[in-house]
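# Summary of structural features
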Amino acid sequence: MQDARASSARDDVLIVGAGPTGLVLALWLVRQGMRVRVVDAAAGPGTASRAMVVQARTLELYRQLDLAEAVVAAGFRNPAFNLWTGGRHRARVAFGEAGAGAGVTPYPFLLVYPQDRHERLLVERLAALGVEVERRTELLDFDDRGDHVAARLRGPDGAERTVEAAWLAGCDGARSVVRHRIGAGFPGGTYSKVFYVADVEARGAAANGEVNIALDQADFVAWIGYDDAGRGRLIGVVDDPDDEDGGAETARRFEDVGRRAMTDIGLEVGRVNWFSTYRVHHRVTDRYRQGRAFLLGDAAHIHSPAGGQGMNTGIGDAINLAWKLAAVQRGRAPDALLDSYEGERRPFAERLVATTDRVFSFVTADGGLADFVRLHLAPVLAPAAYSFEMVRAAMFRIVSQTQLSYHDGPISAGRAGDVRGGDRLPWIETVDNHAPLSAMAWQVHVYGTARPDLVAWCRAQGIALHRFGFDDAASRAGLAREAAYLIRPDTYVAVAAPDASVAALDGWRARHGLTLGQDPA
């Protein structure tokens, strides 16, 4: 548990923003023994359900925080994706059991867990570790003084004070004060149409507790079921052709939304519990770090809600940065390790924004050609593509973020079998090789017999060596017999050494100046 400290004490990390990104960053850092302060301008956790989807990769990472079971129990497992066009059901892709996610992850489903409830759970877990979010506390400015950051805050009583921390994490959203203060650009654009989100109670063929995407002429609707009883989230386009000012602030009602796609799938809304309109932006900052300040989550990247990626990407930012901050702050890694945060996360954000931009542009484009593609080509091509197991599996891996890798990152090396440095460690269901990853520490995995010199090296480094049998499941996952896989604290493979070479592993460690274990021999 983090010790209580006077307001004048210097923290390891000042986290600005208490959404899921900031809260997960704080949880991970505290678990690593770091002292954190979390401030947020809001009076409390969000009250709207905004982000809904928790992807499988996020649940795998939550397992390290002992959060996965609680989140899964509180959420709703959405088992399949359905595509509709022109009022007809065209394709269905199941996730679990014999579906696209089977054998890929312990969580082969799309979990629906509203952000307001999600945030409250994270706040409770953080409080249990001795950290309370400082509410109605606004970051006004900060100064990077070389060896620490001095931040000027305004509290709920309007009084200003200065606090110090070794590092500053800007998790403060799309209008980030931290981003503006470091002078980072935020290039990108804004979609011309106004979109809506609504939490509703509905009935009809599509209100089946699954994901349903319906396309029609100049209209689309996405339905994400919360349960099997017709409650869910609707996302679509506001039918407002006279609005040319580009402002999403114009008062609108649910009655203004496009109904063609909704009607085509027989979705009848009985009650609207929450409704909001917004404009969608697609932007990635041109830098994730400036000195001792970092940008994470929506402060670094924003994009369309296609695929339920936004919150999950912010959480991925937090976990990628957390172990690196902890290592540098403890003197177990040089400052250069922190540059790999941008080197790994920014390319992924750029690919994600480009992909979601293409998807969103396709489903919302106007004109005869766009309608022809949506209503005539997509109904033919989608079912044909989804009939192949390889396509279904690839789709699940992309959406679930289990395919996310850092192959081209600055701290990834080697290849053994089909697994490369920078890959997520493949999950082997028969032995649950992800169980040891909860240690949140460096470790080596071997599938087969470990060489004596490798055993001695791991002992000398003070890191765990986990040995698993090499079987058909390991082979199918792409792992190589008796290779050595050095696993990072965030569960990604740092080095894949096909011959389990101690020289390769130690050479990589020395090049990056890392101390791997807690108590090296």
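Data block above holds the structure.
Residues numbered from 1 in each chain as written. Predicted model: local features only at pLDDT ≥ 70, side-chain atom pairs only at ≥ 80, totals over all residues. Heavy atoms only, no water.

This next bit is on the packing of aromatic side chains. By the definition in use, this model includes 13 aromatic pairs. Ring geometry for Y107 versus F109: centroids 6.4 Å apart, planes at 85°, classification edge-to-face. For the pair Y196 and F254, a centre-to-centre distance of 6.2 Å together with 90° between the ring planes defines the contact as edge-to-face. Separated by 58 residues along the polypeptide, Y196 in strand 11 (residues 188-203) and F254 in the loop between strand 14 (231-237) and helix 6 (260-264) bring together distant segments of the chain. Each member of the pair, Y196 as well as F254, carries the same accessibility label: buried. Among the aromatic residues, ring-to-ring pairing joins W167, Y288, F294 and Y341 into one connected group. Over the ring of F142 we find R181; its NZ or CZ atom is 5.3 Å from the centre of that ring. Across from the ring centre of W167, 4.1 Å away, lies the NZ or CZ of R292, which sits over that ring. (Phe/Tyr/Trp six-rings, centres within 6.5 Å; stacked < 30°, edge-to-face > 60°. Helix = DSSP H or I, 4+ residues; strand = E, 2+ residues; numbered from the N terminus. Buried < 20%, exposed > 50% of the residue type's maximum accessible area, 1.4 Å probe, protein only. Lys NZ or Arg CZ within 6 Å of the ring centre and 35° of its normal.)

On to the pairing of strand 5 (residues 80-85), then. Counted residue by residue, strand 5 has 6 buried out of 6 residues, so it is predominantly covered. Alternating residues of strand 5 divide into A80, N82 and W84 and F81, L83 and T85, and every residue in both groups is buried. Here 6 bridges tie strand 5 to strand 6 (residues 88-94), and the two strands are oriented antiparallel to one another. Bridge assignment links W84 to a residue of strand 6, and that residue is H89. Hairpin remark: strand 5 followed by strand 6, antiparallel, with 2 residues in the connecting loop; positive phi at G86, about 55°. (Pairing = 2+ DSSP bridges.)

Okay, helix 1 (residues 20-31) next. Compared with an ideal rise of 1.5 Å per residue, which puts 12 residues at 16 Å, helix 1 spans 16 Å between its outermost C-alpha atoms and is within 8% of the ideal. A large share of helix 1 lies buried, amounting to 11 of its 12 residues. For helix 1, the set of buried residues is P20, T21, G22, L23, V24, L25, A26, L27, W28, L29 and V30. Packed against the buried residues of helix 1 are strand 1 (11-16), strand 2 (36-39), helix 2 (56-64), helix 4 (115-128), strand 10 (160-170) and helix 7 (310-329). Following helix 1 by one or two positions, G33 adopts a phi angle in the positive range, close to 85°. (Expected span 1.5 Å × (residues − 1). Contact = heavy atoms within 4.5 Å.)

This next bit is on the sheet that holds strand 24 (residues 493-497). Ordered in space as 20-19-24-23-21-22, the 6 strands form an open sheet in which the pairing is mixed. The sheet is open, and its two borders are formed by strand 20 (419-420) and strand 22 (464-468), each paired with just one other strand. Relative to strand 22, strand 21 (residues 443-447) runs parallel, the two being bridged by 5 bridges. Within strand 22, the position partnered with V444 by the bridge is L465. Strands strand 19 (413-416), strand 23 (484-487) and strand 24 of the sheet are contacted by helix 13 (residues 502-511), whose axis makes an angle of about 145° with strand 24. (Axes fitted to C-alpha atoms, helices over the stretch in contact; angles between N-to-C directions.)

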